[in-house]
Amino acid sequence: MQSILLFLYRIRVFLIFVFLETIAVYLIVSNNSQQGSVFFNSSNRLSGNILNTQNNIIEYFSLSSVNKSLVEKNAELLSELENYRQRNESNFIEIDSSFVTGFQFKGAKVINNSINLSQNFITLNKGSKDGIKEGMGVFNEEGVVGRIKGVTANYSSVISLLHIELLVSSKIVSNEVFGSTKWDGRDPKFAKLLYVPRHVVVKEGDQVVTSGYNAIFPEGIPIGTIVEVKPGLETNYLDITIELATDFTRLSYVYLVENEQTEEINLLNQSKESVDE
Amino acid sequence: MSSNRIFLLVGGFVFYLVVQVVLLKNMVLFGTSFCFLYVFFILLLPIEMKTIPIMLIAFAMGIGIDIFYDTIGIHTASLVALAFLRNTWLNTLTPTGGYDENLTPSLLNLGLGWYVSYSLPLILIHHGLFFFIESLGTNLFLPVVQKIIGSAIFAFLMSIIVQLLFYRRRRGI
């Protein structure tokens, strides 16, 4: 017995090393799910505050470009609003409730962002106090940014589109073909469009937008432009590269979208599955 | 250990952590070269320090860095591995006559040749582990090797600059 204890004492350094590494690996694995606890990441209170202060200082350097893009977005929205304005001279028809979209929009500021790792996350300065919930879609005036992963009281963390495991349901505008956008971990400017069958004719320069099928994003938010189409090596699908519409290197303000009908749609999908069984 | 030493240790810990997450986090050259300067806090701890305290410090440092990088566990795992190997590597590199007491294994104290053979392999192990774990699930090889080598060179050059500016001969930070 004593010799066992002596032996354990002699290799104590190695045992503590294994113990600490086990904790680290446990943390890595438990963090790998797409939605999880947010205690140990940049949206907890202390780190959130530090990042917020840092961002308040850095923000001044990008004010002009932020203003410019906000003005552009404003102008676009104003011209769109003009179409919906009720005119006096024409008859007005009440829109049917089946056309109600049920999307709620919110705005937030990016306080932490990374683009160079293979699993990138973004931290926003709004949390559950402001009505942010897990699973909300995030985009800005250029295009899709990501999806909310976890929320604390004042901050929230977003899985960036530049995360090798995030899939965004998307479609090609010109021929309405559906696919999934996924980043391949190489260049923060480009991503892949997956699951487009070989028989589809895809042209370079076609726009790719969100499809509205996964109930996170409304239909038609830009994702990018197709720049390269190749036949896939072994699969039945095309190998399509798209240039992302969003410039992730200078994210500053983003919009959040919540589908109020998500629960209803999920419920419907579940009942469909139970019929299949 | 005198109170002065403890103060320097805690101060250095906070200083490296804050500099890393506030300044160096956004400094990535060409999209491949990261600057993980915090590694040198572990590398430049006094020579006679035991492996267990070094590993515990490395663990705390790794968690702190991970929280801000949103890479929970990855920095921790690679930094603890570096801390585990550090003293063995120091023993292997003992110059004839042994080390002086209370020495910081730095460029100024032991010379450039010794410092390169001490720090470069350890940085490469740390960076290799970090980028390997980080890129699990992708099938990228070349970009990862680029990142490992680019970041190791960048961090090594930064460490030389920092030591020339802020470290004194014979004494710690």
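Our structure's up above, just so we're on the same page.
Cut-offs applied
- Residues numbered from 1 in each chain as written.
- Chains lettered and ligands numbered in written order.
- Predicted model: local features only at pLDDT ≥ 70, side-chain atom pairs only at ≥ 80, totals over all residues.
- Heavy atoms only, no water.
- Helix = DSSP H or I, 4+ residues; strand = E, 2+ residues; numbered from the N terminus.
- Buried < 20%, exposed > 50% of the residue type's maximum accessible area, 1.4 Å probe, protein only.
- Areas by Shrake-Rupley, 256 points an atom, 1.4 Å probe, with all protein chains shown as cover.
- Pairing = 2+ DSSP bridges.
- Contact = heavy atoms within 4.5 Å.
- Buried area = accessible area lost by both parts, 1.4 Å probe.
- Polar contact = N/O pair within 3.5 Å; in protein donor to acceptor, adjacent residues only side chain to side chain.
- Nonpolar A, V, L, I, M, F, W, Y, C, P; charged D, E, K, R; others polar.
- Axes fitted to C-alpha atoms, helices over the stretch in contact; angles between N-to-C directions.
- Phe/Tyr/Trp six-rings, centres within 6.5 Å; stacked < 30°, edge-to-face > 60°.
- Lys NZ or Arg CZ within 6 Å of the ring centre and 35° of its normal.
- Parallel < 35°, antiparallel > 145°, perpendicular 65-115°, else oblique.
- Left-handed = near helix turned anticlockwise from the far one by under 90°.
- Patch = residues over 30% accessible without salt bridge, like charges linked within 9 Å, V, L, I, M, F, W, Y side chains within 5 Å.
- Salt bridge = Lys/Arg side-chain N within 4 Å of Asp/Glu carboxyl O.

K.L.:
Got a minute to help me understand the overall build of chain B in this structure?
P.N.:
Counting its secondary structure elements, chain B contains seven helices and zero strands. Written out in order from the N terminus, the α and β elements of chain B read α-α-α-α-α-α-α. By residue count, 55% of the 173 residues in chain B fall in the buried class. Carbon together with sulfur atoms contributes 72% to the accessible area of chain B, which is approximately 7,600 Å² in total.

K.L.:
I keep staring at the pairing of strand S7 (residues 178-182) of chain A and nothing clicks. Help me out?
P.N.:
One face of the sheet, then the other: side chains in a regular strand alternate in exactly this way. All names here are of chain A. The pairing of strand S6 (residues 168-172) with S7 spans four bridges and is antiparallel. Within the sheet, the bridge partner assigned to Ser169 lies in S7 and is Ser180. If you look at the hairpin formed by S6 and S7, you'll find five residues sitting between the two strands, and Glu176 has a positive phi there, around 60 degrees. Strand direction decides the pairing type here: S7 and strand S8 (residues 190-194), joined by three bridges, are antiparallel. When the sheet's bridge partners are listed, Lys182 is paired in S8 with Lys192.

K.L.:
Any chance you could explain the interface of chain B and chain A here in plain terms?
P.N.:
Note on interface size: it is often stated as the accessible area lost on association of the parts. Taken together, the contact pairs 36 residues of chain B with 34 residues of chain A. Interface area for chain B against chain A, summed over the two sides, is near 3,000 Å², with a carbon-plus-sulfur share of 69%. When residues of chain B are sorted by the area they lose upon contact with chain A, Phe68, Asp70 and Ile72 of chain B head the list and together hold 22% of the total. Along the contact surface separating chain B from chain A lie four residue pairs in polar contact (both at pLDDT 80 or more). Here the residues of the side of chain B that touches chain A are counted per class, giving 23 nonpolar, nine polar and four charged.

K.L.:
Looking at this structure, I do not really get the sheet that holds S7 of chain A. What am I missing?
P.N.:
The pairing of strands in a sheet happens through backbone hydrogen bonds and is either parallel or antiparallel. All names here are of chain A. Taken in spatial order, the six strands close into a barrel running S6-S7-S8-S11-S10-S9, and their pairing is antiparallel. Pairwise comparison of adjacent strand axes, ignoring direction, gives a mean angle of 40 degrees for this sheet. Strand direction decides the pairing type here: strand S10 (residues 222-231) and strand S11 (residues 238-244), joined by seven bridges, are antiparallel. Across the sheet, Thr225 pairs through a bridge with Glu243, a residue of S11.

K.L.:
Can you walk me through the packing of aromatic side chains in this structure?
P.N.:
Each aromatic ring pair is described using two quantities: the centre-to-centre distance and the angle formed by the ring planes. Taken as a whole, this structure holds 17 aromatic pairs over all chains when the rule is applied. Seen from their ring centres, Phe14 of chain A and Phe17 of chain A are 6.2 Å apart, and the 40 degrees between their planes marks the pair as tilted. Taken together, the positions of Phe14 of chain A and Phe17 of chain A, both in helix H2 (residues 12-30) and three residues apart, correspond to about one turn of that helix. Assessed through its relative accessible area of 43%, Phe14 of chain A is described here as partly exposed. These aromatic residues form a ring-pair network of at least three members: Phe34, Phe36, Tyr38, Tyr69, Phe130 and Phe131 of chain B. Geometry around Tyr9 of chain A places Arg12 of chain A over its ring, the cationic atom sitting 4.3 Å from the centre.

K.L.:
What am I meant to see in the environment of Gly232 of chain A here?
P.N.:
Residue and element names in this part refer to chain A. Tracing the sequence through the fold places Gly232 in the loop between S10 and S11. For Gly232, a relative accessible area of 8% gives the class buried. As a C-alpha pair, Gly232 and Val196 span 36 residues in sequence and 9.9 Å in three-dimensional space. Filtering out sequence-adjacent residues up to four positions away, Gly232 remains in contact with Arg198, Tyr237, Leu238 and Asp239.

K.L.:
Explanation requested: the packing of helix H4 (residues 74-92) of chain B against helix H6 (residues 112-134) of chain B in the structure shown.
P.N.:
Each pair of packed helices can be described by the angle between their axes along with the distance between the axes. Residue and element names in this part refer to chain B. Contact geometry of H4 with H6 gives a least axis separation of 9 Å together with a crossing angle of 155 degrees. When the axes of H4 and H6 are compared, the pair comes out roughly antiparallel. Like other packed secondary-structure pairs, H4 and H6 cross with a definite hand, here right-handed. In this structure, H4 contributes Ile74, His75, Ala77, Ser78, Leu79, Ala81, Leu82, Leu85, Arg86, Trp89 and Leu90 to the contact, and H6 contributes Trp114, Ser117, Tyr118, Pro121, Leu122, Ile123, Ile125, His126, Leu129, Phe130, Ile133 and Glu134. Across the contact of H4 with H6, the residue classes break down as 17 nonpolar, four polar and two charged.

K.L.:
Would you take a moment to explain a nonpolar patch on the surface for this structure?
P.N.:
Residues and elements named next belong to chain A. A contiguous nonpolar surface patch, about 780 Å² in accessible area, is contributed by Met1, Ile4, Leu5, Phe7, Leu8, Phe14, Leu15 and Val18. At the level of secondary structure, the elements contributing two or more residues to the nonpolar patch comprise helix H1 (2-10) and H2. The greatest single-element share of the nonpolar patch, amounting to four residues, is contributed by H1. Relative to the elements of secondary structure, Val18 occurs in helix H2. For Val18, a relative accessible area of 35% gives the class partly exposed.

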